[in-house]
Amino acid sequence: MKHGDLIGGIIALLAALLSNFGTNTQKKAHLNEEKLPQEERKSYLRRPLWWLGFLSTVAASIGDFAALGIADQAVVASIGGGATLVANIFVAHFWLGDAVHLTDICGVVCVVGGAALFAISSASSKEDEVEAKDLPHHFTAPWFVTYLCVQGATMLFL
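In this text, all values refer to a predicted model and were calculated from it rather than measured experimentally. (Residues numbered from 1 in each chain as written. Predicted model: local features only at pLDDT ≥ 70, side-chain atom pairs only at ≥ 80, totals over all residues. Heavy atoms only, no water.)

S.K.: Explanation requested: the side chain of E33 in the structure shown.
M.R.: Positionally, E33 belongs in helix 1 (residues 3-34). Excluding its chain neighbours within four sequence positions, the residues that come into contact with E33 are E40, R41, K42 and R47. (Helix = DSSP H or I, 4+ residues; strand = E, 2+ residues; numbered from the N terminus. Contact = heavy atoms within 4.5 Å.)

Quick look at the structure:
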């Protein structure tokens, strides 16, 4: 792993956690407002908790952008996506009271495993960049057609 990937990965992790905090804070602001009688409810623009969530999400987006400028896209996407899902399981359950089901945990494990596999395989791959003229060949390659068939069958099954 390159030094830039490490720094970018740390920034992506922090951005993912901040983004998760922001979106769940906004949801908490909405849930708090729903508990009030209709005449006491305020517009979300007048809710400090909502603004904290919004600003956290904006800061996280800037962090993602910075991480993409430092590290490989595969590292940022893998760490950021996986961290967001794992954090959301805990935050949504313990802070917002959402139920966590076995299917939620299985889904997160599959996505985190896929993201890790993606990061490892793309980091070890030393292939040249694909040019636009090569794309039609890749879209009709046997491995890609197989991939599409497996994805389509999985979606139909689910």
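Moving on from the coordinates now.
S.K.: Would you mind going over helix 2 (residues 48-70) with me for this structure?
M.R.: Every α-helix carries 3.6 residues per turn, so stepping three or four residues along brings you back to the same face. Given a rise of 1.5 Å per residue, 23 residues ought to cover 33 Å, and the 33 Å separating the end C-alpha atoms of helix 2 matches this to within 8%. Looking only at helix 2, the buried set comprises W50, G53, S56, A60, G63 and A67. Looking at the buried side of helix 2, the elements it contacts are helix 1 and helix 3 (73-94). (Expected span 1.5 Å × (residues − 1). Buried < 20%, exposed > 50% of the residue type's maximum accessible area, 1.4 Å probe, protein only.)

S.K.: Where do I start with helix 3 in this structure?
M.R.: For helix 3, with 22 residues, the first-to-last C-alpha span of 31 Å sits near the 32 Å given by 1.5 Å per residue. Within helix 3 the residues assigned to the buried category are A74, V75, V76, S78, G80, G82, A83, A87 and A92.

S.K.: When you look at the environment of V108 in this model, what are you seeing that I'm missing?
M.R.: Within the secondary structure, V108 sits in helix 4 (residues 102-124). A relative accessible area of 12% means that V108 is categorised as buried. In this structure, the C-alpha to C-alpha distance between V108 and L85, residues 23 residues apart in sequence, is 6.2 Å. Not counting residues within four places of it along the chain, the set of residues in contact with V108 comprises L85, V86 and I89.

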